[in-house]
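The primary structure of each chain is shown beneath.
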Amino acid sequence: MLIISKMNSFFSNFSFPEIVLFALFTFFYYCYLLRKNRAHFKPTAPRPSGAWPILGHWPLLQGSDLPHLMLASLADKYGPIFTLGIGKSSVLVVNSSKITKELFTANDSSLCTRPSLASPKILAYDLAFFPFHPGGEYWRQIRKITIVKLLSSSRVERLKYIIIQEVEASMKEVYQTWKMDSQKVVEMKELFSNLNLNILLRMIVGDKYFDGEEKQGLRFQTRITLFLRYIGTLILRDAAPFIGWMDVGGYEKAMKGVGDELDGFLEKWLQQHKKKKCLSETKEEDDETDFMDAMISFLNGKNLEGYDADNIIKATCLSMIAGYETVTVVIIWALSLLLNNKHVLNKAKEELDKHVGKERLVSETDISKFIYLQAIVKETLRLQPPAMIPGPRQFSKDCTIGGYHVPKGTWLMMNLWKIQRDSTVWLDPMEFKPERFLTTHKNVDVRGQNFELLPYGGGRRGCPAMSLSLKMINFALASFLHAFDISTLANESVDMSVGKGLTNKKLTSLEVIVSPRLPSCCFE
């Protein structure tokens with residue numbers, strides 16, 4: 001009674017409207033506190049057992065199993081979304097197209113950053129390598145200049161003559177090899193690796209390495225392969241920085257060696273370009289200027305966000321050159337799948353013969369007519385994307401994903417192997433069936449707008465080189481399949497084993513016997 005009396009005495013000092021306002025304020029403040037407390041206690045995604053003290057699940061990712069298969073088995077047990085621990089960091093692992101839609105629609109603005117990993121710091125100029133740069137103004141500016149000067153539709157259109165010249169030269173080289181020995185085995189990984197590297201080197205540094213410098217070119221290729229293997233590796237320093245000096249496995253020492261060797265190649269090209277620029281009387285860029293020249297003009301010796309101009313140029317050119325391996329990976333998987341599915345290969349040849357005939361090589365203008373071939377490329381990208389687990393991203397603010405609370409700073413890993421084989425989305429998901437992209441999935445594309453198929457990633461951090469990559473893949477694959485019949489030794493099935501690393505590289509070689517499908521005049 002005393003409390004009620006005091007309350008009456010207290011409210012008697014206020015008018016009725018003031019009491020109503022006070023009551024409303026109290027009500028809304030209570031709702032705010034309730035919502036805040038609920039957010040604080042939102043459930044988080046399930047965390048698999050087996051985490052180690054201090055290191056968390058880091059040892060799990062270092063095991064003998066391929067990471068995408070290990071994560072897929074965890075998804076079968078814990079559901080399509082779960083959380084791993086890498087040291088103090090939480091990692092949200094997504095295995096569902098339904099969840100990826102949430103990521104790249106309502107939450108895309110929160111996923112423009114990447115965690116600062118040790119491998120790109122060591123390998124690529126202290127994160128000046130923009131694909132793995134955490135984000136912000138530096139990332140935006142370098143991505144913009146890269147798109148404008150190399151990857152835009154108009155720029156790719158102007159540079160397509162390089163693709164055409166190199167593909168035709170490669171086809172003629174294969175023909176000459178066949179003329180000398182019709183039973184000689186051709187190693188496809190080597191053939192297309194050389195081809196794609198030459199294309200990108202011409203676009204980026206204005207020259208190709210396979211003109212009398214085969215040994216140097218081979219060394220450069222092997223270092224790029226190691227670079228892409230290491231840059232996708234989570235090392236001890238990522239999980240436990242305070243004991244990272246132990247360098248378990250010797251990864252850091254190996255990374256420094258690879259980074260130094262690649263820097264030697266890039267520094268040589270950079271100094272050649274600077275010397276050429278000093279000697280040139282032309283001050284304005286023209287359409288034939290390569291990408292390294294464009295970067296030199298853009299920076300004009302100025303540092304950017306604390307990075308040295310020369311290191312920015314080398315890091316950015318390296319990011320583009322390294323793309324040759326991802327293009328090669330897709331072509332090799334496409335050929336492997338076709339050799340294991342001869343009925344699809346024969347149907348592709350029928351389409352090529354229908355639109356091109358057998359009196360000339362494929363023209364770039366023919367590509368849009370090859371509907372079935374484009375379906376083959378899509379199906380290859382579904383089953384064998386360039387990376388099964390793309391580089392991790394980081395949430396820049398608290399989000400709710402799949403009904404779970406995801407705190408700011410959480411890393412994101414997408415398991416494309418599981419997403420693109422989801423049996424609720426794809427009929428016979430493990431089978432190679434290009435026809436699905438002519439029927440049930442006719443309107444599904446690979447450009448990041450269909451969340452069940454994301455071989456180039458999604459959202460604002462999706463791969464900016466997608467259009468160039470697809471142009472190279474489609475033209476090279478169509479040209480080769482139209483020009484040559486191919487078969488494996490003794491018509492054996494192709495081994496589909498996958499290697500470790502950032503790129504989804506075929507573990508074993510792809511050796512085939514070729515024979516021309518066209519008259520000799522086409523190769524002169």
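Look a little higher up for the structure.
As the structure is a prediction and not an experimental result, all values here were calculated from the model. Along each chain, residues carry numbers from 1 onward, in the same order as the chain's sequence is written. Totals for whole chains, interfaces and linings use every residue, but because this is a predicted model, local features are given only for residues with pLDDT of at least 70 and side-chain atom pairs only at 80 or more, for both listing and counting. Excluded from the side-chain calculation are hydrogens and water; included are all heavy atoms of the structure.

Asker: Whenever I open this one, helix α9 (residues 188-205) confuses me. Can you help?
Answerer: For the α-helix, the turn length of 3.6 residues means that residues three or four positions removed from each other point alike. When the terminal C-alpha atoms of α9 are compared, their 25 Å separation across 18 residues agrees well with the 26 Å that a helix rising 1.5 Å per residue should span. In terms of burial, α9 is a largely internal element, 16 of the 18 residues being buried. At the N-terminal boundary of α9, the capping side chain belongs to Glu 187, with an oxygen 3.3 Å from the backbone nitrogen of Lys 189. Count one or two residues on from α9 and you reach Gly 206, which has phi positive near 80°. Working definition: helices are DSSP H or I runs of at least four residues, strands are E runs of at least two. Numbering for both runs from the N terminus. One fewer than the residue count of a helix, multiplied by 1.5 Å, yields its expected span. Accessibility here uses a 1.4 Å probe with only protein chains present; expressed as a share of the type maximum, an area under 20% marks a residue as buried, one over 50% as exposed, and anything in between as partly exposed. Residues adjacent in sequence count toward polar contacts only when both atoms are side-chain atoms; beyond that, a polar contact is any pair of N or O atoms within 3.5 Å, and within protein one must be able to donate a hydrogen and the other to accept it.

Asker: Please clarify how the sheet that holds strand β2 (residues 89-94) should be interpreted in this entry.
Answerer: Adjacent strands of a sheet form backbone hydrogen bonds with each other and so pair up, either parallel or antiparallel. We treat two strands as partners when DSSP finds at least two bridges between them. Reading across the sheet, the four strands line up as β1-β2-β7-β4 and stay open at both edges, with mixed pairing between neighbours. Of all the strands in the sheet, the pair left with one neighbour each is β1 (81-86) and β4 (393-394). Bridge count between β2 and strand β7 (residues 411-414): four bridges; the pairing is parallel. Bridge pairing in β7 places Leu 92 opposite Leu 412. Helix-sheet contacts for helix α4 (residues 67-78) involve β1 and β2, and the interaxial angle to β1 is about 125°. Whether two residues are in contact is decided by their heavy atoms: any pair within 4.5 Å suffices. Axes here refer to lines fitted to C-alpha atoms; in helices the fit is confined to the stretch in contact. Angles between the N-to-C directions go from 0 to 180 degrees.

Asker: Would you mind showing me how to read unusual backbone geometry here?
Answerer: Excluding glycine, residues mostly carry a negative phi; peptide bonds, for their part, are mostly trans. Non-glycine residue Asp 428 carries a positive phi angle of around 50°. Inspection of the secondary structure puts Asp 428 in the loop between α18 (416-419) and α19 (466-483). In this structure, Ala 490 takes a positive phi of about 55° despite not being glycine. Here Ala 490 is to be found in the loop between β8 (484-488) and β9 (511-516). Since its relative accessible area comes to 71%, Ala 490 is described here as exposed.

Asker: Before we go on, may I ask you to explain the packing of aromatic side chains in this structure?
Answerer: Working definition: an aromatic ring pair is given by the centre-to-centre distance plus the angle between the planes. By convention, a stacked pair of Phe, Tyr or Trp rings (six-membered ring in the case of Trp) has centres within 6.5 Å and planes under 30 degrees apart, an edge-to-face pair has planes over 60 apart, and any other such pair is tilted. Scanning the entire structure with this criterion turns up 13 aromatic pairs. Between the aromatic rings of Tyr 175 and Phe 523, the centroid separation amounts to 4.4 Å while the plane-to-plane angle is 5°, which identifies the pairing as stacked. Taken together, the residues Tyr 175 in helix α8 (residues 153-180) and Phe 523 in the segment after β9 connect sequence positions 348 residues apart. Neither residue differs from the other here; Tyr 175 and Phe 523 are each classed as buried.

Asker: I keep staring at the packing of helix α7 (residues 137-151) against α8 and nothing clicks. Help me out?
Answerer: Closest axis-to-axis distance for the α7/α8 pair is 6 Å, and the angle between their directions is 35°. Every residue of α8 that contacts α7 at Val 148, Lys 149, Leu 150 and Leu 151 is listed here: Ser 153, Arg 155, Val 156 and Leu 159.

Asker: Would you take a moment to explain the pattern of salt bridges for this structure?
Answerer: Where charged atoms from two side chains of opposite charge approach closely, those side chains can pair. When a carboxyl oxygen of Asp or Glu is within 4 Å of a side-chain nitrogen of Lys or Arg, the pair counts as a salt bridge. One pass over the full model with this rule turns up 27 salt bridges. Here Lys 276 ties to Asp 290 by a salt bridge, and the two come within 3.9 Å at their closest N and O atoms. Of the two residues, Lys 276 is situated in helix α12 (residues 251-279) and Asp 290 in the loop between α12 and α13 (291-299); the sequence distance between them amounts to 14 residues. On the basis of relative accessible area, Asp 290 is assigned to the buried category, the value being 7%. Taking the shortest distance from any N to any O, the salt bridge between Lys 505 and Glu 325 comes out at 3.3 Å. Of this pair, Lys 505 sits in the loop between β8 and β9 while Glu 325 sits in helix α15 (residues 323-339); the two residues are 180 residues apart in sequence, bridging distant segments of the chain. Taking relative accessible area as the criterion, Lys 505 reaches 25% and is therefore assigned partly exposed. Linked through salt bridges whose partners overlap, the residues forming this network are Glu 157, Lys 160, Glu 364 and Lys 471.

Asker: Any chance you could explain the packing of α15 against helix α17 (residues 371-383) here in plain terms?
Answerer: When two helices pack together, you describe them by how their axes are tilted relative to each other and by the distance separating the axes. Contact pair α15 / α17: the axes reach a minimum separation of 9 Å and the direction vectors enclose 105°. In terms of their interaxial angle, α15 and α17 are classed as roughly perpendicular. Together, Val 330, Trp 333, Ala 334, Leu 337 and Leu 338 of α15 and Ile 376, Thr 380, Leu 381 and Leu 383 of α17 make up the contact between the two elements. In this classification, the charged set is Asp, Glu, Lys and Arg, the nonpolar set is Ala, Val, Leu, Ile, Met, Phe, Trp, Tyr, Cys and Pro, and all remaining amino acids, among them Gly, are polar. Its residues placed into classes, the contact of α15 with α17 shows eight nonpolar, one polar and no charged. Working definition: roughly parallel below 35 degrees, roughly antiparallel above 145 degrees, roughly perpendicular at 65 to 115 degrees, and oblique for all remaining angles.

Asker: What am I meant to see in the sheet that holds strand β3 (residues 185-187) here?
Answerer: With antiparallel pairing, three strands are arranged side by side in an open sheet as β3-β9-β8. Of all strands in the sheet, those bounded by a partner on one side alone are β3 and β8. Each adjacent strand pair in this sheet contributes to an overall mean axis angle of 45°, direction not counted. Note: β3 against β9, three bridges, orientation antiparallel. Bridge assignment links Val 186 to a residue of β9, and that residue is Val 512. Lying over the sheet, α8 contacts β8 and β9, oriented at roughly 90° with respect to β9.

Asker: What exactly am I supposed to notice about the environment of Lys 314 here?
Answerer: Note on placement: Lys 314 falls in helix α14 (residues 309-321). Sequence-wise, Lys 314 and Glu 267 are 47 residues apart; in three dimensions their C-alpha atoms are separated by 7.2 Å. Of note is the side chain of Lys 314, whose polar atom sits 2.8 Å from the side chain of Asp 263. Polar contacts involving the side chain of Lys 314 include one to the side chain of Glu 267, which spans 2.8 Å.

Asker: Help me understand a nonpolar patch on the surface, please; the structure alone is not making it clear to me.
Answerer: Surface patches are drawn from residues lacking salt bridges whose relative accessible area is over 30%; two like charges belong together within 9 Å, two nonpolar side chains (Val, Leu, Ile, Met, Phe, Trp, Tyr) within 5 Å. Per-residue and other accessible areas follow the Shrake-Rupley method at a 1.4 Å probe size, with only the shown protein chains counted as cover for residues. Residues Trp 245, Met 246 and Val 248 make up a contiguous nonpolar surface patch of about 360 Å² in total accessible area. In this fold, Val 248 is placed in the loop between α11 (236-239) and α12.

Asker: Would you mind going over the side chain of Ser 336 with me for this structure?
Answerer: With respect to the helices and strands, Ser 336 occurs in helix α15. For Ser 336, the contacting residues outside a window of four places in its chain are Val 494, Met 496, Lys 506 and Leu 510.

These figures come from the coordinates and say nothing about function on their own.
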